[in-house]
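# Chains, contacts and geometry: an overview
These are the residues of each chain, in order.
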Amino acid sequence: AKLYDQCGGNLKQLAQLCGMAASIIEKKPPANGQDFATKLLAGVYDNPKTFYRALISAEDAKAKLQSELANGINRQMSSLRRTPTKEGSGVATEEDIALFAKFYDEKNGDLDALATACKLSLDLLKQTPPANGR
């Protein structure tokens, strides 16, 4: 509606701003800005050629975006460094056991305190309570 008002109802200027032939709007001229907006959004002024050009433009934009994303990813990948990955065996070391035993002793074996501090389920901890820190 604002576009119509900016053009002062001039259909040729309106058509030019919308990228379509004036004859398309002139076939079903709008009564006012609101009528123009309603007809435009309802597809009354669709022109297959205009639609095709818009579709091609959308496809071009999509291809450009994909290309730019791929280039950006490749640039980022080239700046990344490979780092060694440390894989654990799942078996606790003596050092780990000593740390857990010390922690257990600091909490005096209090299962509630251990569950809270370690964010564990107290119910699960009570099902198989540890006899000591080891």
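Residues numbered from 1 in each chain as written. Predicted model: local features only at pLDDT ≥ 70, side-chain atom pairs only at ≥ 80, totals over all residues. Heavy atoms only, no water.

### Structural notes on the overall build of the protein chain
To keep it simple, the criterion reads: Strands are runs of DSSP state E lasting at least 2 residues, helices are runs of H or I lasting at least 4, and numbering of each runs from the N terminus. Buried, partly exposed and exposed residues are distinguished by accessible area as a fraction of the type maximum, computed with a 1.4 Å probe on protein chains only: under 20%, between the cut-offs, and over 50%, respectively. Only the protein chains shown count as cover for residues, and all accessible areas are computed by the Shrake-Rupley method using a 1.4 Å probe. Residues counted as positive are Lys and Arg, residues counted as negative are Asp and Glu, and His and the chain ends are not counted. Taken as the charge centre is NZ of Lys, CZ of Arg, CG of Asp or CD of Glu, depending on the residue.
From N to C terminus, the protein chain includes eight helices and zero strands. Starting at the N terminus and ending at the C terminus, the protein chain contains elements arranged as α-α-α-α-α-α-α-α. Counting only C-alpha atoms and orienting by the principal axes, one finds that the protein chain spans roughly 90 × 40 × 25 Å. Burial status across the protein chain gives 19% buried among its 134 residues. For the protein chain, the exposed area adds up to about 10900 Å²; of that, 55% sits on carbon and sulfur atoms. Each charge class in the protein chain was averaged separately, 18 positive and 16 negative side chains, and the resulting centres sit 12 Å apart.

### Notes on the confidence of the model for the protein chain
Here is the rule we go by: One confidence number per residue, pLDDT, is output by the predictor and ranges from 0 to 100.
Overall, the prediction assigns the protein chain a mean pLDDT of 84, with 91% of residues at 70 or greater. Between the elements of the protein chain, mean pLDDT differs from a low of 75, seen in helix α5 (residues 48-79), to a high of 91, seen in helix α7 (residues 111-118).

### Comments concerning the environment of Asn108
Residue placement: Asn108 occurs in the loop between α6 (94-106) and α7. With relative accessibility at 71%, the residue Asn108 sits in the exposed group. C-alpha of Asn108 to C-alpha of Asn132: the two residues are 24 residues apart in sequence and 9.6 Å apart in space.

### Remarks on the packing of aromatic side chains
Definition in use: We call Phe, Tyr and Trp rings a pair once their centres come within 6.5 Å, taking the six-membered ring for Trp, and we label the pair stacked below 30 degrees between planes, edge-to-face above 60, and tilted otherwise.
Overall, the coordinates contain two aromatic pairs when judged by the stated rule. Measuring from ring centre to ring centre gives 5.7 Å for Phe36 and Tyr45, while their planes differ by 25°; the resulting arrangement is stacked. The burial state of Phe36 is the same as that of Tyr45; both residues are buried. An aromatic cluster is present here, built from Tyr4, Phe36 and Tyr45 joined pairwise through their rings.

### Notes on the nonpolar core
Note the threshold: Nine residue types can take part in a nonpolar core, namely buried Ala, Val, Leu, Ile, Met, Phe, Trp, Tyr and Cys, and a core is a set of them joined through side-chain atoms within 4.5 Å. Contacts are residue-level and defined by heavy atoms, with any inter-residue pair within 4.5 Å sufficient.
Listed in full, the 11 residues of the largest apolar core are Tyr4, Cys7, Leu11, Leu14, Ala15, Met20, Ala22, Ile24, Ile25, Phe36 and Tyr45. Within the residue set of this core, elements represented by two or more residues are α2 (11-18) and α3 (22-27). Apart from the residues within four sequence positions on either side, Cys7 is in contact with Gln13, Leu14 and Leu17. In terms of nonpolar packing, the next biggest core, distinct from the first, is built from five residues, Tyr104, Leu111, Leu114 and Ala115 among them.

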